[in-house]
Amino acid sequence: NFVKECRAYGIKVPIIPGIMCLNTYGGLQRMTTLCKTRLPDGFMESAKAANTSDDDFKAWGIKAGTAMCKEILAGGAPGLHFYTLNLE
């Protein structure tokens, strides 16, 4: 809907989705609260369940992020912008 509304207002530049890499569960909680991010149903519960260790959470984040990126690109996004926040 966001892209359709932008086009209706005459915005014709490419709209590139921004992806924040998931490094820690605490970081996910802070950023979603700070940015008022809307998440798919069950996403936070799944993240919490994966938070058994930092390595387990990162592995889950890579898997969840990869699936999300594939869906976004399949939905017609012209590319992706990754917010790494100066992390690895």
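The shown structure was predicted, so the numbers you read here are calculated from the model rather than taken from an experiment.

Rules used in this analysis
- Residues numbered from 1 in each chain as written.
- Predicted model: local features only at pLDDT ≥ 70, side-chain atom pairs only at ≥ 80, totals over all residues.
- Heavy atoms only, no water.
- pLDDT = per-residue confidence, 0-100.
- Helix = DSSP H or I, 4+ residues; strand = E, 2+ residues; numbered from the N terminus.
- Polar contact = N/O pair within 3.5 Å; in protein donor to acceptor, adjacent residues only side chain to side chain.
- Contact = heavy atoms within 4.5 Å.

Asks: With reference to specific residues and values, describe the confidence of the model for the protein.
Replies: Averaged over every residue, the pLDDT of the protein is 93; residues scoring 70 or more account for 99%. Looking over the protein, one finds the lowest element-wise mean pLDDT in strand E1 (residues 18-20), namely 91, and the highest in helix H3 (residues 43-50), namely 96.

Asks: Now, about the side chain of threonine 32: what can you tell me, with residues and values included?
Replies: By secondary structure assignment, the location of threonine 32 is in helix H2 (residues 25-35). Separated by 3.1 Å, the side chain of threonine 32 and the backbone oxygen of glutamine 29 make a polar contact. Apart from the residues within four sequence positions on either side, threonine 32 is in contact with Thr37, Leu39 and Met44.

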